[in-house]
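Secondary and tertiary structure notes
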Amino acid sequence: MKASELLSDLAQRTIDAVRALPQLGSEQLNAHPGNHPNSIAWLLWHSGREADIQLSALSGQPELWEQFRDRFNLGELGDSMGFGHSAEQARSIIVNDQQLLLDYLEACLSALGGYASRLREDELDEIIDRNWDPAVTRGVRLVSIIDDASVHVGQAAYAAGALG
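Residues numbered from 1 in each chain as written. Predicted model: local features only at pLDDT ≥ 70, side-chain atom pairs only at ≥ 80, totals over all residues. Heavy atoms only, no water.

Attention now goes to the overall build of the protein chain. Check the secondary structure of the protein chain and you find nine helices and two strands. In the protein chain, the succession of α and β elements from N to C terminus is α-α-α-α-α-α-α-α-β-β-α. Taking 2.2 N^0.38 as the reference for a compact globule, 164 residues should give roughly 15 Å; the C-alpha atoms of the protein chain span a radius of gyration of 16 Å, in line with that estimate. Reported as C-alpha extents along the three principal axes, the dimensions of the protein chain are approximately 45 × 30 × 30 Å. Taken across its 164 residues, the protein chain has 45% of its residues classed as buried. Contacts in the protein chain between residues far apart in sequence, at least 24 positions, make up 73% of those at least 6 positions apart. A total accessible area of about 8600 Å² is found for the protein chain, and carbon and sulfur atoms account for 50% of it. Of the side chains in the protein chain, 12 bear a positive and 24 a negative charge, and the two mean positions are spaced by 3 Å. (Helix = DSSP H or I, 4+ residues; strand = E, 2+ residues; numbered from the N terminus. Rg over C-alpha atoms; globule rule 2.2 N^0.38 Å. Buried < 20%, exposed > 50% of the residue type's maximum accessible area, 1.4 Å probe, protein only. Contact = heavy atoms within 4.5 Å. Areas by Shrake-Rupley, 256 points an atom, 1.4 Å probe, with all protein chains shown as cover. Lys, Arg positive; Asp, Glu negative; His and termini not counted. Charge placed at Lys NZ, Arg CZ, Asp CG, Glu CD.)

Next comes the structure, spelled out in structure tokens:
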């Protein structure tokens, strides 16, 4: 199996985990278990945003957010990625429509999986960010994007289970 196929498969597994989330009401989506600033809605929104923004930078394609922004109605804060959000900012991400969150996240991860599946091995080795030591390759960035989404979807599933 080629590395690009593995990355595409990993993105699909995260989509499968998103689809397996239980149906949640608005109150559950926006609850803050343990008074944590990140709600399930924030976790799912952030997972989509981080994948979307970073994939756009890698591929040169517009963010999928352009198609979803008005439906989310989060204002300028919704255009961010969520990294570095203060507790107040994180609590300001309120989304009452679970299907909208799932549709956006699935669209972003599907686009990422499609992008990854088309890459050649030498493209995965290309250094794309020299601001880190060691410098970041395209393949490492894709792993990072998928890992972040997977972790946050797992957190959302755990929180959903805890909310009962």
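Okay, helix H9 (residues 138-163) next. Spanning 26 residues, H9 covers 38 Å between terminal C-alpha atoms, matching the ideal 38 Å at 1.5 Å per step. Of the residues flanking the end of H9, it is Gly164, one or two places downstream, whose phi is positive at about 70°. (Expected span 1.5 Å × (residues − 1).)

Moving on, we come to the packing of helix H4 (residues 65-72) against helix H7 (residues 98-117). To describe two helices that pack against each other, one gives the angle between their axes and the distance between the axes. Viewed as axis vectors pointing N to C, H4 and H7 meet at an angle of 170°, and their least axial separation amounts to 11 Å. The orientation of H4 with respect to H7, classified from their angle, is roughly antiparallel. In this structure, H4 contributes Trp65, Phe68, Arg71 and Phe72 to the contact, and H7 contributes Leu100, Leu101, Asp103, Tyr104 and Ala107. Taken together, the residues that form the contact of H4 with H7 break down as seven nonpolar, no polar and two charged. (Axes fitted to C-alpha atoms, helices over the stretch in contact; angles between N-to-C directions. Parallel < 35°, antiparallel > 145°, perpendicular 65-115°, else oblique. Nonpolar A, V, L, I, M, F, W, Y, C, P; charged D, E, K, R; others polar.)

Below, the discussion takes up the packing of aromatic side chains. Summed over the entire model, instances satisfying the criterion amount to five aromatic pairs. Centroid distance Trp42 to Trp45: 6.2 Å. Interplanar angle 55°. Geometry classified as tilted. Remark: Trp45 and Trp42 occur in helix H3 (residues 40-59); sequence separation between them is three residues, near one turn of the helix. Side by side, Trp42 and Trp45 carry an identical accessibility label, which is buried. When the ring of Trp65 is compared with that of Phe72, the centres are 5.0 Å apart and the planes differ by 40°; the resulting orientation is tilted. Each member of the pair Trp65 and Phe72 is classed as buried. In this structure an aromatic cluster arises from ring pairing among Trp65, Phe68, Phe72 and Tyr104. (Phe/Tyr/Trp six-rings, centres within 6.5 Å; stacked < 30°, edge-to-face > 60°.)

Our next topic: the nonpolar core. Ranked by internal contacts, the top residues of the largest apolar core, which has 44 residues, are Ile40, Leu44, Trp45, Phe72, Leu101 and Leu142. Listed by contribution, the elements that provide at least two residues to this core are helix H1 (3-19), H3, H4, H7 and H9. Among the elements that line this core, the one with the most residues is H7, at 10 residues. What Leu44 contacts, discounting residues up to four positions off in sequence, is Leu21, Leu101, Leu102, Leu105, Val153 and Ala156. (Core = buried A, V, L, I, M, F, W, Y, C linked by side-chain atoms within 4.5 Å.)

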